[in-house]
Structures are given as C-alpha cells and as structure tokens.
Amino acid sequence: MAARRTPSTENSSVKATPAKPKKPPLPPVVEAVGDLQPVALGRASDEELMRRTQNGDRQAFSLLYERYNAPVLSYLYRMLGNAEDVESIGQEVFLRAFRFAPTYKFPAKLSTWLFTITRNLAINHARRRKRSPVRNVTELNLEGHETSGDPYGVASRATDQAEKQEEIARVLTALDELPADQKEVIMMGIFQDMSYAEMEQITKTKAVTLRSRMFHGLKRLTKLSGGGEEERG
Amino acid sequence: MSEPLDIESDPFLMQLTDALRAGPGSPEWHTAVTKLRKDGVQGSSEHAMIVAVREHLESGKEYRTVRAGPGFTRRLMDRIDEEAASKHRSWPLATIIAIVGGFVVVALIAALVYVISPNSEAERTAELAGLRSGAFGQTVAQASFDGGSLTNWQESGGEQVKLDTAAGLRPATTQPSKQYMNAVLSTTSTVRPNERAVFEVLVAQPSDPTLIVQLFVEEKQLDASRPEELAWTLQNGEAQVALPDGRFANSGTKFSAGKEGSLVRIAVGPTMTVVTSGGRELYAGSHFLSATNLRAFGIRFLTKGGRAGDGVVLSARVAKP
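So, how was this worked out
- For every chain, the first residue of the written sequence is number 1, and numbering continues from 1 onward in sequence order.
- Chains and ligands are labelled sequentially in the order written, the chains with letters from A and the ligands with numbers from 1.
- Totals for whole chains, interfaces and linings use all residues, but because this is a predicted model, local features are given only for residues with pLDDT of at least 70 and pairs of side-chain atoms are given and counted only at 80 or more.
- Computation of side-chain values covers all heavy atoms of the structure but excludes hydrogens and water.
- Fitting a line to C-alpha atoms yields each axis, with helices limited to the stretch in contact; the angle taken between N-to-C directions then spans 0 to 180 degrees.
- Under the DSSP-based scheme used, a helix requires at least four consecutive residues in state H or I and a strand at least two consecutive residues in state E, with every element numbered from the N terminus.
- Each angle gets one of four labels, with under 35 degrees taken as roughly parallel, over 145 as roughly antiparallel, 65 to 115 as roughly perpendicular, and the rest as oblique.
- A contact between two residues is defined here by any heavy atoms of the two lying within 4.5 Å.
- Nonpolar residues are Ala, Val, Leu, Ile, Met, Phe, Trp, Tyr, Cys and Pro. Charged residues are Asp, Glu, Lys and Arg, and all others, Gly as well, are polar.
- Helix crossings fall into two classes, left-handed where the near helix is turned counterclockwise from the far one by less than a right angle and right-handed where it is turned clockwise.
- The rule is simple: take the accessible area with a 1.4 Å probe, protein chains only, and divide by the maximum for that residue type; under 20% is buried, over 50% is exposed, in between is partly exposed.
- Note: two strands are recorded as paired if DSSP finds a minimum of 2 bridges between them.
- For the purposes of this section, nonpolar cores are sets of buried Ala, Val, Leu, Ile, Met, Phe, Trp, Tyr and Cys residues that join through side-chain atoms within 4.5 Å.
- Summed over both partners, buried area is the accessible surface (1.4 Å probe) that two parts give up on being assembled.
- In what follows, salt bridge is the name for a side-chain nitrogen of Lys or Arg lying within 4 Å of a carboxyl oxygen of Asp or Glu.
- N or O atoms within 3.5 Å of each other form a polar contact, as long as, within protein, one can give a hydrogen and the other can take it, and as long as residues adjacent in sequence are counted only when both atoms are side-chain atoms.
- Put simply, two rings from Phe, Tyr or Trp (the six-membered ring, in Trp's case) pair if the centres are within 6.5 Å, and we call them stacked under 30 degrees between planes, edge-to-face over 60, tilted for the rest.
- Only Lys NZ and Arg CZ are tested; either one counts as a charge over a ring when it is within 6 Å of the ring centre and within 35 degrees of the ring normal.

**Student:** Before we move on, could you go through the packing of helix 10 (residues 180-191) of chain A against helix 12 (residues 207-224) of chain A and cite the residues and values that matter?
**Tutor:** Residue and element names in this part refer to chain A. Across the interface, helix 10 lies against helix 12 with an axial gap of 8 Å and an inter-helix angle of 100°. By the criterion of interaxial angle, the relationship of helix 10 to helix 12 is roughly perpendicular. Two secondary-structure elements touch here, helix 10 through Asp181, Gln182, Val185, Ile186, Gly189 and Ile190 and helix 12 through Leu210, Arg213, Met214, His216, Gly217, Leu218, Arg220 and Leu221. Across the contact of helix 10 with helix 12, the residue classes break down as seven nonpolar, four polar and three charged.

**Student:** How would you summarise the packing of helix 6 (residues 110-128) of chain A against helix 11 (residues 196-203) of chain A if you had to cite specific residues and measurements?
**Tutor:** Residues and elements named next belong to chain A. Interaxial distance between helix 6 and helix 11 falls to 9 Å at its minimum, and their mutual angle equals 45°. Taken together, the axis directions place helix 6 and helix 11 in an arrangement best described as oblique. For the pair helix 6 and helix 11, the sense of crossing is right-handed. Here Ser111, Thr112, Phe115, Thr116 and Arg119 of helix 6 come into contact with helix 11, specifically with Glu198, Gln201, Ile202 and Thr203. The residue inventory of the contact of helix 6 with helix 11, partitioned by class, reads two nonpolar, five polar and two charged.

**Student:** Please provide a residue-by-residue account of unusual backbone geometry, values included.
**Tutor:** Cis rather than trans, the peptide bond between Phe106 of chain A and Pro107 of chain A has omega equal to 5°. Residue placement: Pro107 of chain A occurs in the loop between helix 5 (83-99) and helix 6. With a phi close to 60°, Asp193 of chain A is a non-glycine residue in the positive phi region. For Asp193 of chain A, the location among the structural elements is in the loop between helix 10 and helix 11. Note on Asp193 of chain A: relative accessible area 33%, which makes it partly exposed. Although it is not a glycine, Phe288 of chain B adopts a positive phi angle of roughly 65°. Note on placement: Phe288 of chain B falls in the loop between strand 14 (280-286) and strand 15 (294-303). For Phe288 of chain B, a relative accessible area of 40% gives the class partly exposed.

**Student:** Pulling in residues and values, what's your account of the sheet that holds strand 13 (residues 272-277) of chain B?
**Tutor:** Residues and elements named next belong to chain B. Read from one edge to the other, the open sheet built from six strands follows the order 2-16-7-12-13-14, with strand pairing classed as antiparallel. In this open sheet, the two edge strands, each paired with only one partner strand, are strand 2 (138-143) and strand 14. Each strand axis lies, on average, 10° off the axis of its neighbour in the sheet, ignoring direction. Against the sheet, helix 6 (residues 121-133) makes contact with strand 12 (262-268), strand 13 and strand 14, and its axis sits at roughly 35° relative to strand 13, the strand it touches most.

**Student:** Quick rundown of the nonpolar core? Include the residues and the values.
**Tutor:** The biggest cluster of nonpolar side chains holds 84 residues, and the ones touching the most others in it are Leu175, Ile186, Phe191, Leu218 and Leu221 of chain A together with Leu57 of chain B. In terms of residue count, helix 4 (residues 58-80) of chain A provides more of this core than any other element does, 13 residues in total. When sequence neighbours within four positions are dropped, the list of residues in contact with Leu57 of chain B reads Val171, Leu172, Leu175, Ile186, Ile190, Phe191, Leu218 and Leu221 of chain A. Within the second largest apolar cluster, 43 residues are counted, among which are Trp153, Phe199, Ala257 and Leu282 of chain B.

**Student:** Can you explain the interface of chain A and chain B? Please cite residues and give values.
**Tutor:** For an interface, size is often stated in terms of accessible area lost upon the parts coming together. At the junction of the two partners, chain A supplies 63 residues and chain B supplies 46 residues. A combined buried area of about 5,400 Å² lies between chain A and chain B, and 60% of that area is made up of carbon and sulfur atoms. For the chain A face of the interface with chain B, the top three residues by lost area are Gln91, Arg211 and Phe215 of chain A, together amounting to 14%. Our enumeration of links across chain A and chain B arrives at ten salt bridges. Summed over the shared surface of chain A and chain B, the result is 29 residue pairs in polar contact (both at pLDDT 80 or more). At eleven residues, the largest contribution of residues to the side of chain A that touches chain B is made by helix 4 of chain A. Here two bridges tie strand 1 (residues 142-143) of chain A to strand 1 (residues 67-68) of chain B, and the two strands are oriented antiparallel to one another. Across the sheet, the residue bridging to Leu142 of chain A is Ala68 of chain B, located in strand 1 of chain B.

**Student:** With reference to specific residues and values, describe the packing of aromatic side chains.
**Tutor:** Under the criterion given, the structure shown has six aromatic pairs over all chains. On the basis of an interplanar angle of 85° and a centroid distance of 5.1 Å, the ring pair of Tyr65 of chain A and Phe94 of chain A is categorised as edge-to-face. On the criterion of sequence distance, the pair formed by Tyr65 of chain A in helix 4 and Phe94 of chain A in helix 5 is long-range, its members being 29 residues apart. On the basis of relative accessibility, which here comes to 2%, the residue Tyr65 of chain A falls in the buried class. When the centroid spacing of 5.7 Å and the interplanar angle of 70° are considered together, the rings of Tyr104 of chain A and Trp113 of chain A count as edge-to-face. Assessed through its relative accessible area of 3%, Tyr104 of chain A is described here as buried. By relative accessible area, which is 16% here, Trp113 of chain A ends up buried. Of note, Arg64 of chain B hangs over the ring of Tyr77 of chain A, and the distance from its end group to the ring centre comes to 5.7 Å. The lysine or arginine in question, Arg300 of chain B, covers the ring of Phe216 of chain B, its NZ or CZ lying 4.3 Å from the ring centre.

**Student:** Describe in detail the pattern of salt bridges, supporting the description with residues and values.
**Tutor:** Inspection of the entire model under this criterion finds 29 salt bridges over all chains. Between Arg213 of chain A and Asp181 of chain A there is a salt bridge whose closest N-O contact spans 3.5 Å. You can see Arg213 of chain A sitting in helix 12 and its partner Asp181 of chain A sitting in helix 10, a full 32 residues away along the chain. A cluster of three or more residues bridged by salt bridges with shared partners is formed by Asp193 of chain A together with Arg54, Glu58 and Lys61 of chain B.

Following this line, the structure appears as structure tokens:
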C-alpha cells in the first residue's frame, strides 16, 4: 500500500560533509527502540514506528498518522460517501490505534492492523446508520473532498476525451450502487492497492471469495454504468 | 447474488482477478489482457467490458481522495493528549474501587483488632513513657520517718514486730525468732486503678542480712478474694520485682545504697508499671493488677528479730500527676 512519507525527515537523514565530497552512508535503522534518533525515525518502517509507539514515543505515532491519514480517510470516504461521517470515524480510528497500540503484535503488517480497525468502525457505523449532524461543508476538517468527491470533476481531470470522461464518471457514480461486499473489495484492492492476502486478513474472508467479489463487482459496474445495456442493445 | 466463480480450477480466472486487482500497467494486467486479446477465451466479450471498467476505475483513482486538514489533526492530537494524560493521572474505575475496597477491609480489620485488644502496643508504649518521665506533683501520702507523726499511713501486720519511725523506718528490736515475722506500714489513701501514681522510697542498706524489705502496690479488694500485689523486694543485698502472677523479674540484681539510701521508684498506671532501684530499671511492663480495685502502697519488713540496726527506709512518698 502506498503510504505517505515525511519529506522533511527523509531529507534530513543525509547530511553533506564539506571535507568529504562523497555522501556519507545512510545511518542504519537502529533496532533498539531507545537508541533511535529523530533522523532515523523518519526512515523507520511502519511496524518499527508502531513498536516505538508502544514504548510511549509520541513522535513515532505522529509519523504513522502522517503516513496513514490519507489512506484511512479516503477509504472511509469511499465506503461511506459522507465527508462528515469520515471526519468523526476517522478521529476514532486514530484514537483507537493510539489507545490500543499495546495490542499490536510486532512484526505484523501495520496497515493490515490499522485497516482492520478502520473497517470495523465503518461497519459499526453503517449498522447503526448514525449520521453526524449536517454542517456547512466549509467547516469540515478534511482536505480534498470538494474536488475529489465529484465524479465528473475527477473524470475531467483524468482525460480530455469527453466520451471517456462520461464513462469514467458513470463508473465512479455506479460504485455506490454496488453491494457492500463487492464495493469493499474494489475499494480495498483497487483504490487502496491491497493484495488479496491483505484483504483476506482484514475481512476474515477467503481469498477465493474476494477474487469472486472483485470479478462480479466489476461485472456489475459494467451494467450499472451502461456497458451491459449497450451489450444487450 | 452473484454466482460463485470456479477460480481455483480455472487458471485464467486466477490470472484475470490478479490483473483486475493490480490494474493497468502491472505485469499481471499485461499477461491477462494479452492472453485475452490473443487467444480469445470463453466469455471474452464480458471480460473485455470488465477490463474496460477496470481501466476507467484506474483513471478515476483520485475519486474521493481526502486527507486530514490542520483542524482534524489538531483535534485528534488534543484528544490523544487528553487520553495520554488521563492514563497517567488516573487508574481505571474498577482498579480504584478495588483498591479503596481493600483499604476499607484492612482498616476495618485493624479497627476490630484495636477494639478487641485490651491494650494496643501504642497505648502500652505511651503509658510506659508517661510512667518513666511524667511529673507526679500531687502528693497522696508522705513520710520522712524522723520521729514525727505519720498521716495517711497505717501500721498493720503481725503483733510480734512493731515499727520504729524515729530515725528512719525499721522493725523494732525483738527477741530472735526462727520464723520470719512481718511488720507493715501502708497508705490509708488509695489510688483509683485508672490513675497513674508513683511510689518513691529512699532505702538504705540494711545492716541485718536476714532482713527482707518489700515495697508494694496492693489491691484494696472490695470482696474477700485474694489481694494481688506487685512488690519490689530486697533480700541478701539483691533486689527483684515480684509480679502478682507469681513471676519474678530481674532476680539477683545487686542493690547498693549505703546509709544515705538509694531511691526505689514504683510507677503504676492503668495497666503498666515501671520499677527502678539504684538508678536501674528492673522491670517495665504489665503489672497484672486488677483494673477495678483501688490501689494502696506499703512497706513491709520480714525479720527474724534479734539484731538492732539503723533505719532502713529513710523516706516514702506516694504521688499522682
């Protein structure tokens, strides 16, 4: 999964030394939790950062949040379709990740652990059908929802071809019409770049079932977006 | 509901679903789409449409992409700060209840032990300290044995021996006897059992080695039961303390007083006593006297008569705080 890195910490990990023209070798990622310097922290893996969080390192958790806030919030937005819900559930996801950090078992993949929390909260929310109070869009504390939430806006930025823009917009719009299990596989597998193995762990569903949902979900999208009708026609 | 795919037994479906997930540009995509176009597979028209939709999704991957704004991050970090602070400053409610409950139980047990116990260790220690260093300014009975009259004292005991009070207290001279005879001088005033009192007696070294000197605190029993007595005893130049239960404390302690005398001090409280003689503490502990009977103080001589000697008890005083 693509995770955002912190540019400032990555850049500062390489220091030029005037007396030596060659770049010094990158400092190794130190294994001992207490010995890690801030420079190495930005280069640490998600799992190492989580282990440091377990040891009370708040900076490590901030870095994890920096890396994962966009994937988590985008997943919620795509699944729930409501930016206000995303804001409240997104807060809860990261709060729980911090609160239950001791339950994370190193070296399990952190993204799997985090998206399991995210998915569970999203499902609970959908089950309760609890909506946050409707607010003015400008009050939302999310960046990008004004532009990325409009399928036609997204399609117009993707291509200059009007016909293709229409097709893209129709497919994106049709996503909300899919059954939840098919939509979930498409969101995780395509939009979040998760492998079937990762999805299997998060959803506790066999990979073969997930493959089937992917296939049938896309097939259904062809119909919902007009491809099936064209075929019949 | 979509019909299940036989993916496990169909290698192409496996390839296709891999490609659909990985998306355009991936090796899986290239393999699957090439095969689809080149060989033609069953349902290829449907597969082609699915591939097309997948391409549209790839183009629209920006759809509903959001990230946290400053307000979101600030709010979250504030909540995490609160969470971390509350973790440090407070324990879970159940833990607090358990701890408080534990303290209550321990306190109840301690209180019960304190109530049941006739005299707690702290009380005993405090009582002993008061007996050792407390001021006893209120005189109950006093005698200097210089020939003057004795008030608040009475002579009792056997008819065989009288007391001589002219130059120190001593048994009057009598005919020698094989048996010990006794002569007693005790206070007519009494002290309540819950009061502290001190009996201070200046005792000189007896010239008669057979003479036994006893300074005692006795119960003035209200019934006919056996009177209890706590006594300091001097015999053969050695002092010891006799407790009411029949035990002796510090037997064989040398007592050297000379003619000027040495102070013997018996301090009694509600339950404890401290006995010192010749500047040495002979006993400090429970006196085992009744907690209800009044107490009197006295001097007893046990003598075989015959030899005249100097005064043995030079002065005596009973006082309360």
